[in-house]
Amino acid sequence: MDRFSRQLLTLGIDVQEKIMSTKVLVAGCGALGSSIAELLVRLGVKELKIVDADVVELSNLHRTHLFTEKDLMKPKVLACKEFLEKINSEVKIEPIFDIIDETNAEDLVKDVDVVFDGLDNINYRLILNDACVKYEKPLIHAGVSGEYGNAKLVIPGKTSCLACFLQPSDSRNACDIIGTTTVVPNFLASIQVQLFINYLRGYSEDELVIADLKDLRLDKIKMKRNPQCEACSLHEYKYLRHMDINCGLTRAEKAEGDRIFSSNGVELYKYNGGYIICYNQKCFKKRIA
Ligand SMILES: [Zn+2]
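Please read these numbers as outputs of a predicted model, since none were measured by experiment.

A. Quick peek at the nonpolar core. Within the largest apolar cluster, 87 residues are counted, with the highest numbers of intra-cluster contacts made by Leu-40, Leu-48, Ile-50, Leu-128 and Phe-196. At nine residues, the largest contribution of residues to this core is made by helix α7 (residues 183-200). Here this core spans two domains, and each of domain 1 (2-246) and domain 2 (250-287) adds at least three residues to it. Discounting chain neighbours no more than four positions away, the residues touching Leu-48 are Val-24, Val-26, Ala-37, Leu-40, Val-41, Val-91, Lys-92, Ile-93 and Glu-94. Counting residues in hydrophobic clusters, the runner-up holds six residues, among them Ala-252, Tyr-269, Tyr-271 and Cys-278.

See below:
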């Protein structure tokens, strides 16, 4: 417990033990997900599954603290794992090179205790939300846009869920690349991890945290469950059956363009509209908006 001596003064042994026995899923390993993962490992979480199907690009480095130039073109989940094991060599990291969609969301959430949303696509988020509500797993969400962000703890059966107030985006809006700075995702990741600590202490308020970094304001809005919500009220989980996703990363059967890169198991193919990234016998189309 030497490692956590300063933290124990604040959290106490009970909360520290809960942290150390919680298995988490971090969905996405971009700016949000990698910051969440780093904070969780430093906090004392010992078992993490991290899911992402992208590789590290130069345009990630300004906001993703775990990645350096040495990681360029590496699968993000592997770069995350390597970094996290340097913080604590005893931590068990399961890197999963994949997207989270209706084919695997349920399997991914089933055997963990808490799920963190570090995704950047509202439609994939709603799939993850459905899986969490179905299997009664707490989901700690955050979204980032420019210098703003929001975060929410979803406790299935208790608080509202994301489907209570979010709709899937039409392909145009969902494809927009949203800008942000190095500060905002890291701040929101910190809020998410604080929500996790508070949840372990028994916090269960139904609130949306709104952060305006530009104006340095932090507000909370009271939320309510939607009695017509198809996830948490009607238990229909329609996004686990089908969701139209036309942008970001989507599954590809095989590479079907000109190979432009190959190294350490990662292959990149160009096709009209973007790239196909292949690793570990899995390929994903990355459409460039
Ligand atoms: Zn709901």
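B. Summary view of helix α3 (residues 76-87). Across its 12 residues, α3 extends 17 Å between first and last C-alpha, which sits within 8% of the 16 Å expected from 1.5 Å per residue. Buried residues of α3: Lys-76, Val-77, Ala-79, Cys-80, Leu-84 and Ile-87, and no others. Each buried residue of α3 sits inside an arc of 160° when the element is viewed along its axis, so together they form one side. Buried residues in α3 make contact with α2 (31-43), β2 (47-52) and β3 (92-97).

C. Just the sheet that holds strand β6 (residues 148-154), in detail. Strand order in this open sheet of eight strands is β3-β2-β1-β4-β5-β6-β7-β8, and the pairing throughout is mixed. Among the strands making up the open sheet, the edge pair consists of β3 and β8 (217-222). Ignoring which end each strand starts from, the neighbouring axes of this sheet average 15° apart. Alignment of strand β4 (residues 114-117) against strand β5 (residues 139-145), held across two bridges, turns out to be parallel.

D. Local environment of the coordination of the zinc ion. At this site the zinc ion is bound by Cys-161 (SG), Cys-164 (SG), Cys-229 (SG) and Cys-232 (SG), with donor distances of 2.3 Å. For the zinc ion, the four donor atoms in the first shell make angles of 94 to 123° at the metal, so the coordination geometry reads as tetrahedral. All donors to the zinc ion come from one chain, and their sequence spacing reads C-x2-C-x64-C-x2-C. You can see Cys-161 sitting in the loop between β6 and α6 (171-175) and its partner Cys-232 sitting in the loop between β8 and β9 (249-252), a full 71 residues away along the chain.

E. Representation of the domain arrangement of the protein chain. Here the domain parsing of the protein chain yields domain 1 (2-246) and domain 2 (250-287). A C-alpha centroid distance of 26 Å is found between domain 1 and domain 2. Summing both sides of the interface, domain 1 and domain 2 together bury roughly 1200 Å²; the carbon and sulfur share of this comes to 62%. When residues of domain 1 are sorted by the area they lose upon contact with domain 2, Met-73, Phe-97 and Asp-98 head the list and together hold 41% of the total. At the surface where domain 1 touches domain 2, the tally comes to five salt bridges. Between domain 1 and domain 2 we count seven residue pairs in polar contact (both at pLDDT 80 or more) in total. Partitioned by chemical class, the residues of the side of domain 1 that touches domain 2 number nine nonpolar, three polar and four charged.

Conventions we followed
- Residues numbered from 1 in each chain as written.
- Predicted model: local features only at pLDDT ≥ 70, side-chain atom pairs only at ≥ 80, totals over all residues.
- Heavy atoms only, no water.
- Core = buried A, V, L, I, M, F, W, Y, C linked by side-chain atoms within 4.5 Å.
- Buried < 20%, exposed > 50% of the residue type's maximum accessible area, 1.4 Å probe, protein only.
- Helix = DSSP H or I, 4+ residues; strand = E, 2+ residues; numbered from the N terminus.
- Domains from an automatic or database assignment.
- Contact = heavy atoms within 4.5 Å.
- Expected span 1.5 Å × (residues − 1).
- Arc of directions from axis to C-beta.
- Pairing = 2+ DSSP bridges.
- Axes fitted to C-alpha atoms, helices over the stretch in contact; angles between N-to-C directions.
- Donors = N, O, S within 2.8 Å, 3.2 Å for Na, K, Ca; no water.
- Tetrahedral: all angles 85-135°; square planar, octahedral: opposite > 155°, others 65-115°.
- Buried area = accessible area lost by both parts, 1.4 Å probe.
- Salt bridge = Lys/Arg side-chain N within 4 Å of Asp/Glu carboxyl O.
- Polar contact = N/O pair within 3.5 Å; in protein donor to acceptor, adjacent residues only side chain to side chain.
- Nonpolar A, V, L, I, M, F, W, Y, C, P; charged D, E, K, R; others polar.

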